[in-house]
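Observations on the model geometry
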Amino acid sequence: MEPYDVIMFYCPQCSQRNEHQLFHPEGKQEHYHATNIPVHVAVNITSIDLSCEGCETPLNICLEDIPARQYNLLVRLDCSNMGSGMDSWYDDHGRGYD
Ligand SMILES: [Zn+2]
């Protein structure tokens, strides 16, 4: 069976709860609310036409048009092997920059 997650949303017409099976490679049959969709799922959502399970009103679901969140790689020193004391954060002795 193809992997999918389930997006739950409410019909704006009759408030019936609908569930849409979103097929995508990382699907784990998780259930998500329309307002709490993790990024790895959201990126797979395209504009989808469907009908309400309650009133059969044609609906379209897609991602809200909000600015894409930016993901920056954060690089920090791994201080887990250092002794305590914040000074060592800023004084990285002998770590390969010659
Ligand atoms: Zn409806």
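Please refer to the structure higher up on the page.
Notes on the structure follow.

Procedures and definitions
Every residue gets a number counted from 1 within its own chain, in the order that chain's sequence is written. Totals for whole chains, interfaces and linings use every residue, but because this is a predicted model, local features are given only for residues with pLDDT of at least 70 and side-chain atom pairs only at 80 or more, for both listing and counting. Under the scheme used here, helices are H or I runs from DSSP no shorter than 4 residues and strands are E runs no shorter than 2 residues, and both carry numbers assigned from the N terminus. Between the buried cut of 20 or more and the exposed cut of 12 or fewer other C-beta atoms within 10 Å of a residue's own C-beta lies the partly exposed class, and all C-beta atoms are placed from the backbone. Think of it this way: build a C-beta for each residue from its backbone, and any pair within 7 Å is a contact. If DSSP finds at least two bridges between two strands, the strands pair. Axes here mean lines fitted to C-alpha atoms, for a helix over just the part in contact, with angles spanning 0 to 180 degrees between N-to-C directions.

**Some thoughts on the overall build of the protein chain**
- A tally of regular secondary structure across the protein chain gives one helix and five strands.
- Each helix (α) and strand (β) of the protein chain, taken in turn from the N terminus, gives the series β-β-β-α-β-β.
- Expressed as a percentage of the 98 residues in the protein chain, the buried residues total 3%.
- Within the protein chain, counting contacts between residues at least 6 apart in sequence, those at least 24 apart form 41% of the total.

**Focus on the sheet that holds strand S3 (residues 31-33)**
- One open sheet accounts for three strands, arranged S2-S1-S3; its pairing is mixed. The open sheet terminates on both sides in strands that have one partner only, identified here as strand S2 (17-23) and S3. Strand-to-strand twist of the sheet, defined as the mean angle between neighbouring strand axes without regard to direction, takes the value 30°.
- Pairing of strand S1 (residues 4-10) with S2 involves seven bridges; the strand directions are antiparallel. Pairing of Asp-5 across the sheet is with Leu-22, part of S2.

**Concerning unusual backbone geometry**
- Phi at Ser-15 is positive, roughly 65°, even though this residue is not glycine.
- Following the sequence through the fold, Ser-15 ends up in the loop between S1 and S2.
- At Gln-29, a residue that is not glycine, the phi angle is positive and equals roughly 55°.
- With respect to the secondary-structure elements, Gln-29 resides in the loop between S2 and S3.
- Accessibility expressed as a C-beta count within 10 Å gives 10 for Gln-29, which makes it exposed.

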